[in-house]
Each structure stands twice: as structure tokens, then as C-alpha cells.
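Listed below are the residues making up each chain.
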Amino acid sequence: MPTAHYDMLRHFADSWGLLYMMAIFLVVVFFLVRPGAKANAMAAARIPLDDAQPMVREEQK
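Heads up: these notes are all about the structure in this document. Since we're looking at a predicted model, the values are computed, not measured. (Residues numbered from 1 in each chain as written. Predicted model: local features only at pLDDT ≥ 70, side-chain atom pairs only at ≥ 80, totals over all residues. Heavy atoms only, no water.)

Here we look at the environment of leucine 18
Our working rule: What counts as a helix is a DSSP run of H or I of at least four residues, what counts as a strand is a run of E of at least two, and both are numbered from the N terminus.
Relative to the assigned elements, leucine 18 resides in helix H1 (residues 3–33). For the pair formed by leucine 18 and alanine 41, sequence separation is 23 residues and the distance between their alpha carbons is 29 Å.

Some thoughts on the pattern of salt bridges
Test applied: A pair is scored as a salt bridge if a Lys or Arg side-chain nitrogen falls within 4 Å of a carboxyl oxygen belonging to Asp or Glu. Each residue gets one of three labels from its accessible area relative to the maximum for its type: buried under 20%, exposed over 50%, partly exposed in between, using a 1.4 Å probe on protein chains only.
Here the structure, examined in full by the defined rule, presents two salt bridges. A salt bridge links arginine 10 to aspartate 14, with the shortest nitrogen-to-oxygen separation between them at 3.3 Å. Here arginine 10 pairs with aspartate 14, and both are found in helix H1, just four residues apart, close to one helical turn. Take arginine 10: its relative accessible area is 45%, and that puts it in the partly exposed class.

Function cannot be read off these values alone, since they describe shape.
Shown next, in the form of C-alpha cells:
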């Protein structure tokens with residue numbers, strides 16, 4: 001890879017890549033702290049415990 005091409009990609013990643021990753025981080029943080037997120041998180045945490053019928057492994061049949 002030519003050095004000029006590498007330098008161009010490196011500059012792009014250092015500037016716009018940082019902004020892109022920061023935007024993703026802020027969206028995730030907002031998603032976690034928005035109003036009503038606690039109820040959704042608690043419901044998702046209960047999914048493994050609310051199984052009405054336990055799974056039976058193939059070896060146990």
C-alpha cells in the first residue's frame with residue numbers, strides 16, 4: 001500500500017472514525033438511560049427465569 005494512501009486512511013480514521021465511534025457511544029448511553037429503559041431491562045433480565053417449561057437436552061430423552 002502506498003504511503004500516501006495509508007496516511008490518507010489514517011487521517012480519516014483519526015478524525016471521522018473518532019466522531020463515528022463517539023456518536024455510537026452516545027446513542028447507546030442514551031438508549032440505556034432514557035425514561036422507561038428500566039422496565040425494559042428488567043423484563044429482558046427475567047426472560048431466562050420465566051420459562052414455563054424447562055428445555056430437555058437430546059441426551060436426556
